[in-house]
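Summary of the model geometry
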Amino acid sequence: MTEVRIPIESIGRVDLLLGRATALSAVWFDETAAAIQEAMGLALYLAAAHPCSSPIAVPGLEGLDVPGCVDAALREVQSWDLLLAGDLPGMGRLEVLLSDLRRTLASRGRG
Amino acid sequence: MGWEEVRRELARLDWDVAGPVTPDVLADWTRVVATLVAIRRTLGPVSAQDPIAVLATATKGATGVREVAPTTSASLDGVATALGGVLRGLEAVPVVERDRQVTALTSVAYRVAHRVQVAVPDARVRAWLQAGEMALDGALHAPSGRSSAAAAMAGWTDALASVQPIAHTATVRRTAALGHLTILRTTHQLIAEARRAGTIPGPFCDDLLTGVRRLAAAHQDTLLRHPGPGQTASPAEQAVMLRLGDALRQLTASPVRQEPNQVRLDALLRSGVGQAVVVAHLTADAHAQAAAQGLQQLALQYLARPQLLTTEGPAAEAVQPRTIESASATGEPEPAPTGRAARSAAPQGAAPRPTIDPGTVLDGAAVTALCRRRDLGVAAAAADPADPPALLRGIDPSRWPALVEDGRQAVVDLVASVIPMVHHRARHSRNPDDTRGEMFLQVLNAAHTFNPERTDPGLWPRYAWKTLEHSRWRGVDHAGVPRPRLQSPPTIVTLGERDPASTNPDPAAIVERRHSLRALHDAVDDLPPKLRQPLLQAAEGRSTADIGADLGLSASTVRRRLADARDQLRDHLAPLLAPDDAAPRYESVRPRPLDRSQHLNDKALAAQPRHEQGRGLTR
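Remember, it's a predicted structure, so these values are computed and weren't measured experimentally.

Along chain B, the regular secondary structure elements total 23 helices and two strands. Taken over 619 residues, chain B has a buried fraction of 45%. When contacts within chain B are restricted to residue pairs at least 6 apart in sequence, those whose partners lie at least 24 apart make up 76%. When the accessible surface of chain B is totalled, it reaches about 30300 Å², and 54% of it is carbon and sulfur.

Printed below as a string of structure tokens:
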């Protein structure tokens, strides 16, 4: 069987990025916040299911705004092998959410 | 490999702003679907229910819609070409990998279908494409039939309960705050929709929204101050994250059947908005705790009056709840009342009315049941969800406010069953109204203290009667505290310039007396049986000779055991003594917290004829 490595560190980075995005959008109470929180929930679940044995860090995390966090998270998710769709539940939904969020935030110029 | 090229093409759709554009995205999409179907057929038999087959049907429906203008969008040719590469490489794929290939294919189809659906402006075409997307979503994410908010909240509560052993780790704090933000936002949305629909009173709605926003802001502050755990999660923390994450997925996942909004809002309110107080304690943030208390009180208001949320508006204005005054304009945290205080202070509206007719004779089983409900209510009023007492184990903390209400109702019913004796005893007194009031309080105290495990439950009326008798013969004040027969007249303390205390005890004094009485009862319970039995019989007014005859002891032995019992009570209650208490000295066996009560009582009686020495039952 083809071995496909689960990107544990990347999952951890997505978790951190979406955690920050959720915190920054905590008081938005709109559909954008709903999408961010849904994505965060998926990432949190993946991170819990695939914990990393070493601490994860995202350089410059504290300087990222919401669009920056979403962009970085989308790039991370898009680096995951498509054959992992069965191993990472919600991977497809996560990518779709992040893609939509990126478009929405770009169109609104929201930070 | 083919899938890597597909991956690159999908990413290009998001990032390549200068990439190729198609004048008709639906035509591109049709070619992509044809390739998807070809891949799927290569991987095995395709049933009509297969999501790719459903997608193909939906696409056919979308392209069949008449008079649809072509939509310009990013070209899907690259995706179609990459999928062609996957198709050519499938012959080399082992059979055992076919399932993985099918899942990858479905996942790709889902991404592209969603993109096309979002790009197309025509609602009819979009409806067809959404049908195909939903079939793919269902196959990939398998939305559970258990998509109710109540189930999600139950899972969330269960997960919070499992957190307790590791409650103060950074991972738990972060996960709980992140998850709770999702719950708050969902609640906010549902409240706003209920308000628009007029199914919830405006002021109540505003208070809820304010509370939700305050708590969300507090969580935001917590998360920004503590961005990440900075260390690997322990297995216990991972397990907690999984459970919390699972509960959140249940709340946010697209349900197969959407339950009505008021049902979802009801579930969220009944859960105390996702156990807001518990989460606030986990985050250990004072602002969050203050905000959570406010939300909890509003949720309790709803529990007491579920008719606040109606299925069709407008909500009855007559049931407008009292507005909870929030701390502050300054945003400073209030001295945070605990969850116990919130439950104990839950606004009641009207006091509970008896559910039985006055004077109803209750059998032993009924009295036992009422006492059980009373005890549950008392426990629930003071319990900590983080460490529930044995009596409340297994009972969802969201039900505790209802237990408090039920406990109060049980006490009211106990009192109602014996209230005629109060009227009977009071009718011949010099001041029936005052006497009745005092006796009512004595019976109320008796209803709180009667223990069906220590005596025959059917003897509850006799216990209440004895309480009234005891107070009459022993000159017990209306807290049930006996005034001892003093060897010397009571010391009258002048108040100088201060206003005399009212003869009506203030609520704080009543509470103090009640706690003092509870302390006394606990001390009596702790006595060994050989000391407790004579003491209890003496408290009922029996003579030492009668007690001795009953217990098979001499009168001198009874007197000695009574003295020993009083000594032990004094020692047991010594920690309650206030070191700087300046109240007059009374009989030493009584706990000094009762002295102030006694002093007030004696002052009130100073203007009335005193009890003469020797009157009443002899000892």
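A few words on the packing of aromatic side chains. Residues and elements named next belong to chain B. Applying the stated criterion across every chain yields a total of three aromatic pairs over all chains. Between phenylalanine 450 and tryptophan 460 the ring centres are 5.5 Å apart and the planes differ by 55°, which places this aromatic pair in the tilted class. In this pair, phenylalanine 450 is assigned in the loop between α17 (432–449) and α18 (460–474) and tryptophan 460 in helix α18, connecting sequence segments 10 residues apart. Look at phenylalanine 450 and you get buried, because its relative accessible area is 2%.

Along its 15 residues, helix α7 (residues 149–163) of chain B runs 21 Å from first to last C-alpha, staying within 8% of the 21 Å computed at 1.5 Å per residue. Taken as a whole, α7 of chain B has its buried residues at Ala149, Ala151, Ala152, Met153, Trp156, Thr157, Ala159, Leu160 and Val163 of chain B.

With that out of the way, let us pick up the packing of helix α3 (residues 51–63) of chain B against helix α6 (residues 123–141) of chain B. Residue and element names in this part refer to chain B. Relative orientation of the contacting elements α3 and α6 amounts to 175°, with a least axis distance of 8 Å. Here α6 runs roughly antiparallel to α3, going by the angle between their axes. Contacts between α3 and α6 involve Pro51, Ile52, Val54, Leu55, Thr57, Ala58, Gly61 and Ala62 from the former and Val125, Trp128, Leu129, Gly132, Ala135, Leu136 and Ala139 from the latter. Taken together, the residues that form the contact of α3 with α6 break down as 12 nonpolar, three polar and no charged.

Now for the pattern of salt bridges. Taken as a whole and judged by the stated rule, the model has 26 salt bridges over all chains. Of the charged contacts, one joins arginine 100 of chain B and aspartate 87 of chain A as a salt bridge, the two residues approaching to 2.9 Å between their closest N and O atoms. With one member in each of two chains, arginine 100 of chain B in helix α5 (residues 98–119) and aspartate 87 of chain A in the loop between α3 (66–77) and α4 (91–108) form a pair that bridges those chains. Residue classification places aspartate 87 of chain A among the partly exposed residues on the basis of a relative accessible area of 29%. Across the pair arginine 225 of chain B and aspartate 221 of chain B runs a salt bridge whose closest N-O atoms are separated by 3.1 Å. Of this pair, arginine 225 of chain B and aspartate 221 of chain B are both found in helix α9 (residues 202–225), four residues apart, which corresponds to roughly one turn of the helix. By relative accessible area, arginine 225 of chain B is classed as partly exposed at 45%.

In this complex, chain B contributes 49 residues to the contact, which on the side of chain A involves 52 residues. Both faces considered, chain B and chain A share a buried interface measuring about 4600 Å² in area, 63% of it formed by carbon and sulfur atoms. Looking at the side of chain B facing chain A, the largest losses of area belong to Arg7, Trp15 and Arg100 of chain B, adding up to 17% of the total buried there. If you look at where chain B meets chain A, you find four salt bridges. Taken together, chain B and chain A are joined by 17 residue pairs in polar contact (both at pLDDT 80 or more). Elements represented by at least two residues in the side of chain B that touches chain A include exactly α1 (2–15), α5, α8 (170–197), α9 and α10 (235–252) of chain B. Looking at the side of chain B that touches chain A element by element, the count peaks at 11 residues for α5 of chain B.

Taken as a whole, this structure holds seven cavities of 30 Å³ or more when the rule is applied. Roughly 120 Å³ of volume is contained in the second largest cavity. Along its surface, the second largest cavity is lined by 13 residues, and Glu95 and Ser99 of chain A together with Asp14, Arg111 and Arg115 of chain B are the ones closest to its centre. Every element with two or more residues in the lining of the second largest cavity is listed here: α4 of chain A together with α1 and α5 of chain B. Ranked by residues supplied to the lining of the second largest cavity, first place goes to α4 of chain A with five residues. A per-class count over the lining of the second largest cavity returns four nonpolar, three polar and six charged.

Reading guide: rules and limits
- Residues numbered from 1 in each chain as written.
- Chains lettered and ligands numbered in written order.
- Predicted model: local features only at pLDDT ≥ 70, side-chain atom pairs only at ≥ 80, totals over all residues.
- Heavy atoms only, no water.
- Helix = DSSP H or I, 4+ residues; strand = E, 2+ residues; numbered from the N terminus.
- Buried < 20%, exposed > 50% of the residue type's maximum accessible area, 1.4 Å probe, protein only.
- Contact = heavy atoms within 4.5 Å.
- Areas by Shrake-Rupley, 256 points an atom, 1.4 Å probe, with all protein chains shown as cover.
- Phe/Tyr/Trp six-rings, centres within 6.5 Å; stacked < 30°, edge-to-face > 60°.
- Expected span 1.5 Å × (residues − 1).
- Axes fitted to C-alpha atoms, helices over the stretch in contact; angles between N-to-C directions.
- Parallel < 35°, antiparallel > 145°, perpendicular 65-115°, else oblique.
- Nonpolar A, V, L, I, M, F, W, Y, C, P; charged D, E, K, R; others polar.
- Salt bridge = Lys/Arg side-chain N within 4 Å of Asp/Glu carboxyl O.
- Buried area = accessible area lost by both parts, 1.4 Å probe.
- Polar contact = N/O pair within 3.5 Å; in protein donor to acceptor, adjacent residues only side chain to side chain.
- 1 Å grid on protein atoms, 1.4 Å probe; cavity = no way out; pocket = protein on both sides within 12 Å on 5 of 7 lines; lining within 4 Å.
- Points joined across faces, edges and corners; volume = space filled by probe spheres on them.

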